[in-house]
Amino acid sequence: MTKISVSMLASDYSKFGEEALRMQRAGVDFLHMDVMDGCFVPNISFGAGVIKAVHKVCDAPLDVHLMVNDPIRYAQDFAEAGASILTVHAECTPHLQRAVKFIQSLGVKAGVALNPATPLEELKWVMDDIDMILIMTVNPGFGGQKLIPATIEKTAQAAEMIRRSGRDIELEVDGGVALATCAALREAGATMLVAGSALYGAPDAAEMLRILRGENK
C-alpha cells in the first residue's frame, strides 16, 4: 500500500500540534517536516525545537526533510528531536555517502533528495547505503506548487534503479501531489507520497487519504 506523509508546511502554524494530531487520527503514515534555512531554498520554516515539540504529542513517525546547506551540522539535533527518517539533498553535501552513514549511526533512516533538474546519476554510488530516495517534483522552497510533468518519468527511472539494486528502498515524491497526479505517481513506482494542500484542504482528510493511496477505485 502506498504510504502518505503529510506536509506540515500546509498546516495552520498557530495550531501546529493540533494539526499534526488531526492528521495522525486521519491515518497518515508519516508527518513530513520541511526544514528550510533561507539559503538552500528561498524560505525559512522551523527547526529542531518545533519537531521535538510535535514528537512529544504525536506517535506518527517524523519524516524530516533537511532543505539546508551543510545538513550534517544539524543531523544530530534532528535525530535527538525524534526524527524517524532524515533526508538530505545531494546538492548540499560534497560527501554524500559519509552523510548517509553518519545519519544511520544516529539510529535514524537516511534518505537522499534530488531537485527536479538533478540527475539520478548522483545516486549511483550510494544505492547500497540509502534507505529512501526523495524525488522533488517541484522546485523546493514553497508549498502549493504544481507538479513538473517531467518528474513523473524521473520517478519511474528511480523506481527502476531501486528494482535493479535489489534493495528495499523507499521511493518518496514531494510536490504537487493531488487528485490529478497521485495515480500517475503511484504507477511510476512511488511508494510514498508527500501531500500537503490536498489533505489540509480536504473536507474529509481520511477519505482523501484513501484516494491518494488508490483505495477508492
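Please read these numbers as outputs of a predicted model, since none were measured by experiment.

Novice: Which parts of the structure should I look at to understand the pattern of salt bridges?
Specialist: Side-chain pairing between opposite charges can occur once the charged atoms of the two side chains come close. The final tally for this structure, using the stated rule, is seven salt bridges. As a salt-bridge pair, Arg22 and Glu19 come within 3.2 Å of each other at their nearest N and O atoms. Highlighted residues: Arg22 and Glu19, both in helix H1 (residues 16-26), separated by three residues, approximately one helical turn. Under the relative-accessibility criterion, Arg22 is labelled partly exposed at 35%. For Asp129, the salt bridge is made with Lys101, and the minimal N-O distance between the two is 3.4 Å. Of the two residues, Asp129 sits in the loop between strand S5 (109-114) and strand S6 (132-136) while Lys101 sits in helix H4 (residues 96-105), which places them 28 residues apart along the sequence. Given the relative accessible area of 13%, Asp129 is considered buried. Take Lys101: its relative accessible area is 39%, and that puts it in the partly exposed class.

Novice: Just to check I follow, could you spell out the pairing of strand S3 (residues 62-67) for this structure?
Specialist: A regular strand places its side chains so that they alternate between the two faces of the sheet. Extensive coverage of S3 is indicated by the burial of six of its six residues. Burial along S3 is two-sided: the face carrying Leu62, Val64 and Leu66 and the face carrying Asp63, His65 and Met67 are both buried. Pairing between strand S2 (residues 30-36) and S3: six bridges, direction parallel. Within S3, the residue paired with His32 across the bridge is Asp63. With helix H2 (residues 48-57) bridging S2 and the parallel S3, this β-α-β connection has right-handed handedness.

Cut-offs used in this document
Residues numbered from 1 in each chain as written. Predicted model: local features only at pLDDT ≥ 70, side-chain atom pairs only at ≥ 80, totals over all residues. Heavy atoms only, no water. Salt bridge = Lys/Arg side-chain N within 4 Å of Asp/Glu carboxyl O. Helix = DSSP H or I, 4+ residues; strand = E, 2+ residues; numbered from the N terminus. Buried < 20%, exposed > 50% of the residue type's maximum accessible area, 1.4 Å probe, protein only. Pairing = 2+ DSSP bridges. Right-handed = clockwise from strand over helix to strand, strands pointing away.

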